[in-house]
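An overview of the molecular structure
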Amino acid sequence: MSLKETLTTERSEIDSKQQEIAQLSKRLLQLENRMSAVEGKKARPLEKPEMSKAAQEMVETLFSRLSPMDVAGHELARVGRTFDGGYVMVPPRSEEKIAYSLGINRDVSWDLEMAHKGLKIYQYDHTITGLPCQHKQFNYFKKGITASFQTNKHMTCLRDEIKKNGHQNANDILLKIDIEGDEWEVFADLETNELQKFSQILVEFHDLHKVYKLFWFRTALEALNKIFQTHQAVHVHGNNNTALRIVGGYAIPPVLEVTFLRRNSYQFSPCTRIFPNKLDQPNNPSFAEHQLGSFQFPHTD
């Protein structure tokens, strides 16, 4: 057999294996969907989740990962526009030269402040045709961010984008993420070494009032458990565009803004603050702020 014939045969075998893998992956996804559907039929929804003891335990389990602590030796500051669009964080340090901004809509106020401080900003949003303004430090991609197993021509994953942008060895990246509910699967999909790349994570968590729904709870808990291994919450703020919901006896903000700092870069102490505080502003100035108190929940495993 000639070399050309050998290469042709090997290429054909590789193509066949790739098709086989693709078919198996498709079949696995179908089976997982069927299992979820079957489980969904068997799983009984909690009766009166507002008063349910089981719902109370689910709230405490999930929200204990979000209970803030104070950060030693650093002052938090608000960055971005007034009302909706501002984030509370530690001002960027000299080693923080890269920021990822996931979810733009019509607001780049946070991005602009970071750019003015010399950071390069990598922006992702598939729902807009372009940025509301430009800056030489901006790098915009008309792509949404999702989990690695859900990518398509419109959606990519954070893992792939970090690699494409040449940031595999960057270890002090700022991450700002507001992607309307996809954040749960994005964080659940990341590995510990990938999360460690982010010195600060500013995230808006959505749909927290669904905490008593088993399948949503599983994904959210997996995501928060991963973040909790590497990062500590230091600030929380309830988005007051949605009303508080009672779940398991607790008043739950359906949308919660959280600031996380990497554990190996900062020191922490028990929280002495009440939320909201002077750094916060209502997302909607026409509505009252959500009063979260100290936002401390008993830690459960």
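For the structure, see preceding data.
So, here is what we can say about the structure in this document. (Residues numbered from 1 in each chain as written. Predicted model: local features only at pLDDT ≥ 70, side-chain atom pairs only at ≥ 80, totals over all residues. Heavy atoms only, no water.)

What follows is about the overall build of the protein chain. Per the secondary structure count, the protein chain includes 7 helices and 15 strands. Going through the 301 residues of the protein chain one by one, you find that 47% of them count as buried. For the protein chain, the accessible area works out to roughly 16,000 Å², and carbon and sulfur atoms hold 52% of it. (Helix = DSSP H or I, 4+ residues; strand = E, 2+ residues; numbered from the N terminus. Buried < 20%, exposed > 50% of the residue type's maximum accessible area, 1.4 Å probe, protein only. Areas by Shrake-Rupley, 256 points an atom, 1.4 Å probe, with all protein chains shown as cover.)

Burial analysis of strand β9 (residues 173–177) places 5 of its 5 residues in the buried class, which makes it a mostly covered element. Both faces of β9 are covered, namely the face carrying Ile173, Leu175 and Ile177 and the face carrying Leu174 and Lys176. Taken together, the 5 bridges between strand β4 (residues 98–102) and β9 define a ladder with parallel strand orientation. The partner of Ala99 across the bridge, within β9, is Leu174. Relative to strand β10 (residues 198–205), β9 is paired through 5 bridges, and the arrangement is parallel. (Pairing = 2+ DSSP bridges.)

Glancing now at the environment of Thr272. The residue Thr272 is located in the segment after β15 (268–269) in this model. Residue Thr272 is classed as exposed on the basis of its relative accessible area, which comes to 68%. In the structure, Thr272 is positioned 22 residues away from Ser294 in sequence and 7.6 Å away in space, judged by C-alpha atoms. Looking at Thr272, its side chain comes within polar contact range of the side chain of Asp70, at 2.7 Å. (Polar contact = N/O pair within 3.5 Å; in protein donor to acceptor, adjacent residues only side chain to side chain.)

Here helix α2 (residues 53–63) has its buried residues at Ala55, Met58, Val59, Glu60, Thr61, Leu62 and Phe63. The inward-facing, buried residues of α2 contact α7 (214–230), β12 (245–247) and β13 (250–252). Between the side-chain oxygen of the N-cap and the backbone nitrogen of Ala54 there are 3.2 Å, and the N-cap of α2 in question is Ser52. (Contact = heavy atoms within 4.5 Å.)

One broad rule of soluble globular proteins: the nonpolar side chains tend to lie buried together. Judged by nonpolar contacts, the single largest core of 49 residues is most densely connected at Leu62, Tyr100, Phe187 and Phe205. Considering each element in turn, this core owes the most residues, 7 residues, to α7. Setting aside chain neighbours within four positions, we find Tyr100 in contact with Tyr122, Tyr124, Leu158, Glu161, Ile162, Asn165, His167, Ile173, Leu174, Leu175 and Lys176. Val79, Ile104, Ile128 and Phe138 belong to the second-largest nonpolar core, a separate cluster that totals 16 residues. (Core = buried A, V, L, I, M, F, W, Y, C linked by side-chain atoms within 4.5 Å.)

To continue, consider empty space enclosed by the protein. Applying the stated criterion to the full structure yields 2 cavities of 30 Å³ or more. Quantified by volume, the largest cavity comes out at close to 70 Å³. Forming the boundary of the largest cavity are Arg78, Gly86, Tyr87, Val88, Leu202, His235, Glu257, Val258, Thr259 and Asp280. Within the residue set of the lining of the largest cavity, elements represented by two or more residues are β3 (87–89) and β14 (256–262). Among the elements that line the lining of the largest cavity, the one with the most residues is β14, at 3 residues. Taken together, the residues of the lining of the largest cavity break down into 4 nonpolar, 3 polar and 3 charged. Roughly 30 Å³ of internal volume is contained in the second largest cavity. (1 Å grid on protein atoms, 1.4 Å probe; cavity = no way out; pocket = protein on both sides within 12 Å on 5 of 7 lines; lining within 4 Å. Points joined across faces, edges and corners; volume = space filled by probe spheres on them. Nonpolar A, V, L, I, M, F, W, Y, C, P; charged D, E, K, R; others polar.)

With that out of the way, let us pick up α7. The end-to-end C-alpha separation of α7 is 25 Å, in line with the 24 Å expected for 17 residues at 1.5 Å each. Looking at α7, one finds that the buried residues are Trp216, Phe217, Ala220, Leu221, Ala223, Leu224, Lys226, Ile227 and Thr230. Those residues of α7 that are buried are in contact with α2, α5 (183–189), α6 (192–195), β10, β11 (231–238) and β14. (Expected span 1.5 Å × (residues − 1).)

Within the element layout of this structure, Thr146 appears in strand β7 (residues 144–146). Residue Thr146 is classed as buried on the basis of its relative accessible area of 5%. Here Gln150 takes part through its side chain, which lies 2.8 Å from a polar atom of the side chain of Thr146. Once you skip the residues sitting within four places of it in the chain, Thr146 turns out to touch Thr151, Met155, Thr156, Cys157, Leu158 and Val186.

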